[in-house]
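Residues per chain are reported as follows:
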Amino acid sequence: MRASSTGVPRRRPRRTAFAAASSAALALTLLGAAGAQASPGAEKGPHAAEAPDISVAAVQQDLKDLQSVAEANDGNRAHGRPGYKASLDYIKEKLDAAGYKTTIQEFDNNGSTGYNLVADWPGGATDSTVMTGAHLDSVSSGPGINDNGSGSAGILETALAVAKADLKPSKHLRFAWWDAEEEGLVGSRHYVDSLGQDEIGAIGTYLNFDMIGSPNAGHFVYEDDPSVEAVFTEWFQSKGIETEASEEVNGRSDHASFKDAGVTVGGSFTGAGETMTQAQADKWGGTAGEPYDACYHSACDDLSNINEEALDLHSDAIAHAVWELSS
């Protein structure tokens, strides 16, 4: 996640999505009173298959491999450094083998070549695309395993789960890994700027995942569109977790490039450098008065800096949102 240049703003109250089901319940009651019998599942209609459980062991293995990339390349995976391109090549190889159509988009940033990786899953209506992204670059001071190896690995394993299931969604699926986010969202802005208005309009939803394994994890959901927000909040509620909206993420990750272009955005987040409150610690089992990630933008953001439980939970949330929104 890009560092804030203006400090951390105050939180706004969390919005909660409620399902308006009273009229449907009344109709079913009346039907029952009349002796009518509804067909099983008829009240729901057609829906997508349930998303698979994403193996946290597979996500952790990706993080181990990204750590190894950093160790072989001056301890980081930063934009313009060899560790970034090696990280991109690692992910691209997996996607190519799984049947994705991959594209590398090059751009210039202050004399360094940047590389975005975009992967399209065959099929689905291309005029209604669900796009899922994460930045792949680290800061130069460390390997960036939580920020943002975690999000990069989470969406990679979701993309591979799509291929394993041979998913045939009604909407087109696209995944992306951005370069130079830490330089000011440069890669994602370049991508959005390269699109025509029709191409931007075809992206129905952009989902962003930046830091999903913070050691002192919070459970945050992006606050933009109520229907997309509800896909996450209701899923977390089904796991017994009450989420919050976070001001900390606003404008500081790649979803901002899409939101500025009028695209609906969403995502989840486990917190960066802000401090956990006592109320949050009571709710989530964390430590009050400590940052969500004490190694944020530091050399210690390595494999030891990952909360496996949070990583597992938010990786599954990614898959749920992709399956749900693409049906």
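So, how was this worked out
- Residues numbered from 1 in each chain as written.
- Predicted model: local features only at pLDDT ≥ 70, side-chain atom pairs only at ≥ 80, totals over all residues.
- Heavy atoms only, no water.
- Disulfide = S-S within 2.5 Å.
- Buried < 20%, exposed > 50% of the residue type's maximum accessible area, 1.4 Å probe, protein only.
- Helix = DSSP H or I, 4+ residues; strand = E, 2+ residues; numbered from the N terminus.
- Axes fitted to C-alpha atoms, helices over the stretch in contact; angles between N-to-C directions.
- Parallel < 35°, antiparallel > 145°, perpendicular 65-115°, else oblique.
- Left-handed = near helix turned anticlockwise from the far one by under 90°.
- Contact = heavy atoms within 4.5 Å.
- Nonpolar A, V, L, I, M, F, W, Y, C, P; charged D, E, K, R; others polar.
- pLDDT = per-residue confidence, 0-100.
- Salt bridge = Lys/Arg side-chain N within 4 Å of Asp/Glu carboxyl O.

1. What about the state of the cysteines?
Piece 1. Throughout the structure, instances matching the rule amount to one disulfide.
Piece 2. Note on cysteine connectivity: C295 is disulfide-linked to C300, with sulfurs 2.1 Å apart. On the S-S bond that ties C295 to C300, the torsion sits near -115 degrees, and the link is left-handed.
Piece 3. On the basis of relative accessibility, which here comes to 33%, the residue C300 falls in the partly exposed class.

2. Quick notes on unusual backbone geometry
Piece 1. Along the chain, D147 connects to N148 via a cis peptide bond; the corresponding omega equals 5 degrees.
Piece 2. Along the chain, N148 falls in helix α4 (residues 145-165).
Piece 3. A positive phi angle, close to 50 degrees, is found at D166, a residue other than glycine.
Piece 4. With respect to the helices and strands, D166 occurs in the loop between α4 and β4 (171-178).
Piece 5. Its identity as a non-glycine residue notwithstanding, M211 has a phi of 80 degrees, on the positive side.

3. Concerning the packing of helix α2 (residues 56-71) against α4
Piece 1. Between α2 and α4, the least distance of the axes is 9 Å, while the angle of their chain directions is 130 degrees. One element, α2, and the other, α4, form an angle in the oblique class. You can see that α2 and α4 cross each other, and the crossing is right-handed. Where α2 abuts α4, its residues A58, V59, D62, L63, L66 and Q67 lie against I145, G149, S150, A153, G154, L156 and E157.
Piece 2. Its residues placed into classes, the contact of α2 with α4 shows seven nonpolar, four polar and two charged.

4. Observations regarding the confidence of the model for the protein
Low pLDDT means the predicted coordinates in that region are not meant to be read closely.
Piece 1. Per-residue pLDDT for the protein has a mean of 89; in total, 87% of the residues score no lower than 70.
Piece 2. Looking over the protein, one finds the lowest element-wise mean pLDDT in helix α1 (residues 22-33), namely 34, and the highest in α4, namely 99.
Piece 3. Segment residues 6-47 is flagged for pLDDT under 50; beyond a separation of four residues in sequence, or across chains, it makes 31 contacts in the model.

5. Considerations on the pattern of salt bridges
Piece 1. Within this structure, the stated rule accounts for eight salt bridges.
Piece 2. We note a salt bridge from K92 to D96, for which the minimum N-O separation is 2.8 Å. Of this pair, K92 and D96 both sit in helix α3 (residues 82-98), separated by four residues, roughly a single helical turn.
Piece 3. Its relative accessible area of 32% is what places D96 among the partly exposed residues.
Piece 4. Notably, a salt bridge pairs D260 with R189, separated by 3.3 Å at the nearest N-O pair. Of this pair, D260 sits in the loop between α8 (255-259) and β7 (265-269) while R189 sits in helix α5 (residues 186-193); the two residues are 71 residues apart in sequence, bridging distant segments of the chain.
Piece 5. Residue classification places D260 among the exposed residues on the basis of a relative accessible area of 59%.

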